[in-house]
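Tertiary structure, described
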2 protein chains.
Amino acid sequence: MIEGLTIVAVIFIIALIVAMTRQDGGELDSYYDSSDGECYEHKWGYTDTRFEFDGPRTVRVTGDRYRLCGFTMPYFVPFVEEVLGVPITPEEMVEEVERQRLPEAKLDNAFRSAIDKCFGRERIGSSDGERLVHSHGQLSVDEIYRLLYIGGLQKVVDVVIYPESEKDVRDLVELATEHEVVLIPYGGGTNVSGALACPTAETRTIASVDMRRLNRIEAVDEENLQATAQAGITGKELERELGALGYTSGHDPDSVELSTLGGWISTNASGMKKNRYGNSEDIVLEATLVTPSGDVKTHRASPRNSTGVQPRALLFGSEGNFGIITKGTIKIHKLPEVRQYGALAFPRFEQGVAFLKQLSADGGLPASIRLVNNTEFRFGQALKPSPSPFKAVIDRVQKFILFKLKGFTPEEICGCTIVMEGTRREVENQKEVIFELAKDHGGLSVGAKLGQRGYMLTFGIAYIRDFFNQFQLLGETFETSVPWNRIHDVIGAVREKLVEQTAHHQVRGTPYLAYRVTQVYHTGVCIYFTMGFSGKGLDKADEVYHDVEHSLRQVILDHGGSLSHHHGIGKVRHSFLSQIQSQGAIEVIRQAKGAMDPKNIFAIGNGVFAEGN
Amino acid sequence: MIEGLTIVAVIFIIALIVAMTRQDGGELDSYYDSSDGECYEHKWGYTDTRFEFDGPRTVRVTGDRYRLCGFTMPYFVPFVEEVLGVPITPEEMVEEVERQRLPEAKLDNAFRSAIDKCFGRERIGSSDGERLVHSHGQLSVDEIYRLLYIGGLQKVVDVVIYPESEKDVRDLVELATEHEVVLIPYGGGTNVSGALACPTAETRTIASVDMRRLNRIEAVDEENLQATAQAGITGKELERELGALGYTSGHDPDSVELSTLGGWISTNASGMKKNRYGNSEDIVLEATLVTPSGDVKTHRASPRNSTGVQPRALLFGSEGNFGIITKGTIKIHKLPEVRQYGALAFPRFEQGVAFLKQLSADGGLPASIRLVNNTEFRFGQALKPSPSPFKAVIDRVQKFILFKLKGFTPEEICGCTIVMEGTRREVENQKEVIFELAKDHGGLSVGAKLGQRGYMLTFGIAYIRDFFNQFQLLGETFETSVPWNRIHDVIGAVREKLVEQTAHHQVRGTPYLAYRVTQVYHTGVCIYFTMGFSGKGLDKADEVYHDVEHSLRQVILDHGGSLSHHHGIGKVRHSFLSQIQSQGAIEVIRQAKGAMDPKNIFAIGNGVFAEGN
């Protein structure tokens, strides 16, 4: 009998070792659903997807869009209650406030009839719903929480225009200039920087320019591996169409389902697979910016140039301040021969960082590699279903190996997820380099499935914010780029300041802080924080949240972090700009705008142009 | 006897195959001499090095600075005579004209005493020699040939200032603004775009600002793999100092011995090993530009940012128009574990291009890979010494294999040289990928020695221009970036136009045209042309040269090439700018200058600011 059990145990261990060391997959599975769907007006994503209770102590994600969908999660509520120290029960949920009644649109007859004549009814939106949707991005507290639970936005656009061609855009810019109407370019509406918030002091008519009907790929140049697409194309549309031809842009920001090419350029976006495909500034060869003073562009994309200051340089990070980006020429790549996932566990976060640094210096970075801290690792585990009896035993053996045999601890273990793409040979070689080096740093391969799951989580998990908001849990992600030797300083300082600030404001329970390294560069990394705390019982919870966030941003700067790695400045970080840029630099950017937009038609007021800057 | 010969032949063949397939080297040999030396006033490089006759039909390179030095070249004169169809004999050489007498320096007493007081005698140069040296770059015909053989430059600077600190630079900019004196930043003086030529219509005093005393590395941050250096540091100094600490910047433009960090930024320079280390825009994380309106900079370098329009974007390609770049923070890399060379022969240039395209798509690019056309391949062979008897037989067997067994022809064979750097494993892997793929494209490995020689040639061969000038042979290199599918169109059009134009101008002999692919990008390549013809007997040879060069530039644009890959615009390509950039883009750059330099102190007049633009 004992012998029989031993045999079973040995079989389990072997099965487990096989499971843990298998890197494969290999097929080009998509980590998000390529189908379209109806989107929420204000919340994140598609209406088929939301976190909801399916029992008093369990939740599930509706629909079947993501791998996270359709099963009961028994560990989620206990985990959140444990880390936040507040109850997560249906009884704690609050109702949304009634949607605000919008002030009447400020639209004089002359402009109204000019746009009617030029665009016709079907390219003009005037409903309160459309106006409200186009007046915010996805800032969790300032925009979404405020709109749903406090009572609306301070200022909203007066009208929405849907251009369908570059000519429409030029016509609109001309009309706006003539009638002194403010234009705010709108892409996917996914920014988390307040970039779409209407400047409160603006007295002119404000028109939102929704670019999403400019969503065609104009040309695919397979010989030169480049494509020209209209700026309103979403990442999902772009990848779907390129994919059908056997290509990819390789640009995969977390918002890829909804964000647009124009948005990527104007925020200087970063994609998770930048090690292989580059960030937006590497991917976009040229683009066209339509301004009141004419187009700013280079007439033809070429592989690389030395022809004086490059016009394209002004587009990246322009955040809508100069004009409307109408199209871009981007690099495209043949779909990789193989895509494989991997996952590693490290006993401590510091070891994971040391591994990443060495891997970067050795030139071994795969398409994507991310390192999540212990909290985020446990959070990922909390989103699992109840295991089958067999899986439960496997899990137990896995834990035994990790925590008893290998010396990991549940309080310090952290995880690293990997995407490798390329030729079979390239990927095989990467795998060898990565997994050998990981061993030197105390890392243990924990199987491709976990790696794949990590990337799948990215897309489904975005919906969790709107679940939490119902409990008055205020949360946001914020990110920075940090030199290698300041990573732990920045993290420590953020943690300390968050504890201090939430105590100061007498926040209920415990603040939540998780973080991960999402990008690796030669001189450092991007750290992506997720922070949250309960706003229940606070007087002006949104303002408390603001104070706390602001103080965290300052300690990041004080400890060597940058102001933003990829979210941008918009309206929430502009007050820090003078700490990072010289006055001379700021003045040049102002004058450059003066050249493109002398009447300040694009008065969106982001970055150095923000009110009070 | 016959049998004995057969055995000898077989041994030779085996020895040859071994020689041809050996890739190695492995040690980190330098491909240029890291020692300093006295430089020519006007010609290229160090005074210890020149091409000269060492017999009526043979030449050698003096000194021992380069591997090309110190041996008799018996094939060189016959080759040049063959391709150019003109005699190359000592009797054909012409004498340099007497150096022009410079107009008196325009220096009013107030400015003179202000700079005397601020900088003292030892930081001010007033001699005719210093003034002349600082009034040109290395444009072969417009600058060097004109100066040495026609009779001088149109306009020269009035004084030279040698700042020794960033404070000196700021003081000087302030003084110049106060006294309305024009400043022209001077780095290595190696540009080939006329960037240092004084605008002829300028009526104010012109001061050259020689930055080469600002040549210190201010900080090496080994933890974060970055270093901050003053802008006047030459590539040679930078690499020597970094190398002593075990690091490299990886930036190796052909001018690396003499050109400076500030020059690399302001011309948007490219280095031969950009596949591994990046071009200047990838290497330089941040830099400081001192302008009359204050500094333009980001206060701290960080790994990557999304913080609005980046000030640094305005520095790349600024060509001295905005102010003086004083320092930069660059990425540094540990010296690679191994460096290995390789060389391939392809039966035809087209096959080499197809190979490069596939290698790029497969992600297999080594640190550097170059493909030279047949003419340039033969030119490289012509720079060899007489072989030893043993080597002569090897050569003959090698030729037998190539031309008889493998089907190559002497008229079409072309060569590809390779530098691989990295960890031993990385390089081994690259080697496998490269040499296997080359076989698929008809390529044959011809040994590491040939590869290494190709890179050595780069530095020694720069001196050849000044040898040719003595025979009234006018020549220049010019470059473009071209999408993959236009490479052969561009080359064909250039060849055709050159033949047509030189016939039209009744040029003596045959024009010389060689070209190589020096850089590979995702969407195309850089083509680097070398063109030359005899100016003997022409009325205004320099103007004929100009016409021809101009017409070639236009056909490059007409056939899909870019205006410049890395040489920049300066004063020789400005008239084409309106063909590549929109008027709106040009206007923004003008306004940006207005913000930084409202009194046009930096009236160097390059690119969009050139006279007549």
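Residues numbered from 1 in each chain as written. Chains lettered and ligands numbered in written order. Predicted model: local features only at pLDDT ≥ 70, side-chain atom pairs only at ≥ 80, totals over all residues. Heavy atoms only, no water.

Concerning unusual backbone geometry
Just so we agree on the cut-off: Each helix is a run of DSSP H or I of at least 4 residues and each strand a run of E of at least 2, with the numbering of both proceeding from the N terminus.
Positive phi outside glycine occurs at glutamine 472 of chain A, with the angle close to 60 degrees. If you trace the backbone, glutamine 472 of chain A turns up in the loop between α16 (464–469) and β18 (473–483). Within the chain, glutamate 180 of chain B stands out as a residue other than glycine whose phi angle is a positive 50 degrees. Take glutamate 180 of chain B: it is sitting in the loop between α6 (166–179) and β5 (182–186).

Observations regarding the interface of chain A and chain B
Here is the rule: In this analysis, two residues are considered to be in contact whenever any of their non-hydrogen atoms come within 4.5 Å of each other. Buried area is a sum: the accessible area each of two parts loses on coming together, probed at 1.4 Å, counted once for each and added. The salt bridge definition used is simple: a Lys or Arg side-chain nitrogen within 4 Å of an Asp or Glu carboxyl oxygen. Pairing of N or O atoms within 3.5 Å defines a polar contact, subject to two protein rules: one partner must be a possible hydrogen donor and the other a possible acceptor, and residues neighboring in sequence count only if both atoms are side-chain atoms.
Listed per partner, the contact involves 82 residues of chain A and 82 residues of chain B. With both sides pooled, the region where chain A packs onto chain B buries about 6,400 Å², and carbon together with sulfur makes up 54% of that total. The residue glutamate 432 of chain A makes a salt bridge to arginine 425 of chain B at a minimum N-O spacing of 2.8 Å. Counting across the interface, chain A meets chain B through 50 residue pairs in polar contact (both at pLDDT 80 or more).

Topic: the packing of aromatic side chains
Stated precisely, the cut-off is as follows: Each aromatic pair joins two rings of Phe, Tyr and Trp (for Trp, the six-membered one) with centres within 6.5 Å, and gets the label stacked for planes under 30 degrees apart, edge-to-face for over 60, and tilted for any other angle. Burial classification: accessible surface area is computed with a 1.4 Å probe over protein chains only, and a residue below 20% of its type maximum counts as buried, one above 50% as exposed, and the rest as partly exposed. Ring-over charges, as used throughout, are those where CZ of Arg or NZ of Lys falls within 6 Å of the ring centre and within 35 degrees of the ring normal.
Counted by the stated rule, this structure contains 41 aromatic pairs over all chains. Here phenylalanine 349 of chain A and tyrosine 515 of chain A contribute two aromatic rings whose centre-to-centre distance is 5.1 Å and whose plane-to-plane angle is 90 degrees, an arrangement assigned as edge-to-face. Taken as a pair, phenylalanine 349 of chain A in helix α11 (residues 349–361) and tyrosine 515 of chain A in strand β19 (residues 512–520) lie far apart in primary sequence, 166 residues in all. The buried category is assigned to tyrosine 515 of chain A, whose relative accessible area is 7%. Taken together, the aromatic side chains of Phe51, Phe53, Phe76, Phe79, Phe379, Phe467, Phe468, Phe471 and Tyr512 of chain A make up a single cluster linked through ring pairs. Here the basic side chain of lysine 274 of chain B rests over the ring of tyrosine 521 of chain B, its NZ or CZ set 4.0 Å away from the ring centre. Just above the ring of phenylalanine 609 of chain B sits the side chain of lysine 593 of chain B; from NZ or CZ to the centre is 5.5 Å.

Thoughts on the relation of the copies chain A and chain B
Here is the rule: The atoms used to superpose the copies are C-alpha atoms, taken from residues with pLDDT of at least 70 in both, and the fit is least squares.
For these two chains of identical sequence, chain A goes onto chain B by a turn of 180 degrees and a shift of 0.0 Å along the axis, with RMSD 0.0 Å. Expressed as a symmetry operation, the mapping of one chain copy onto the other fits a two-fold axis. A shared binding surface is used by both copies, with 100% of the interface residues of chain A retained as interface residues in chain B.

A word on the pattern of salt bridges
In this structure the tally under the stated criterion is 86 salt bridges over all chains. Notably, a salt bridge pairs arginine 424 of chain B with glutamate 337 of chain B, separated by 4.0 Å at the nearest N-O pair. Remark: glutamate 337 of chain B occurs in the loop between β13 (333–334) and β14 (338–346) and arginine 424 of chain B occurs in helix α14 (residues 424–440); sequence separation between them is 87 residues. For arginine 424 of chain B, a relative accessible area of 45% corresponds to the partly exposed category. When salt bridges that share partners are traced, they join Glu166, Arg170, Asp295 and Lys327 of chain A into one network.

Quick look at the pairing of strand β1 (residues 51–55) of chain A
All names here are of chain A. The cut-off we apply is this: Each pair of strands is called paired provided DSSP finds at least two bridges between the two strands.
Here four bridges tie β1 to strand β2 (residues 58–61), and the two strands are oriented antiparallel to one another. Counterpart to phenylalanine 53 in the pairing with β2 is valine 59. As consecutive antiparallel partners, β1 and β2 are separated by two residues.

Digging into the sheet that holds strand β8 (residues 226–230) of chain A
Residue and element names in this part refer to chain A. Worth spelling out the cut-off: To get an axis, a line is fitted to the C-alpha atoms, and for a helix only the part in contact is used. The angle between two axes follows their N-to-C directions and goes from 0 to 180 degrees.
Here we have five strands laid out as an open sheet, ordered β7-β8-β12-β10-β11, and antiparallel in their pairing. Looking at the sheet topology across the chains shown, the edges are occupied by β7 (217–221) and β11 (294–296). Pairwise comparison of adjacent strand axes, ignoring direction, gives a mean angle of 15 degrees for this sheet. Where strand β10 (residues 284–291) lies against β11, three bridges are found, and the strand directions are antiparallel. Of the residues in β11, the one forming a bridge with valine 290 is aspartate 295.

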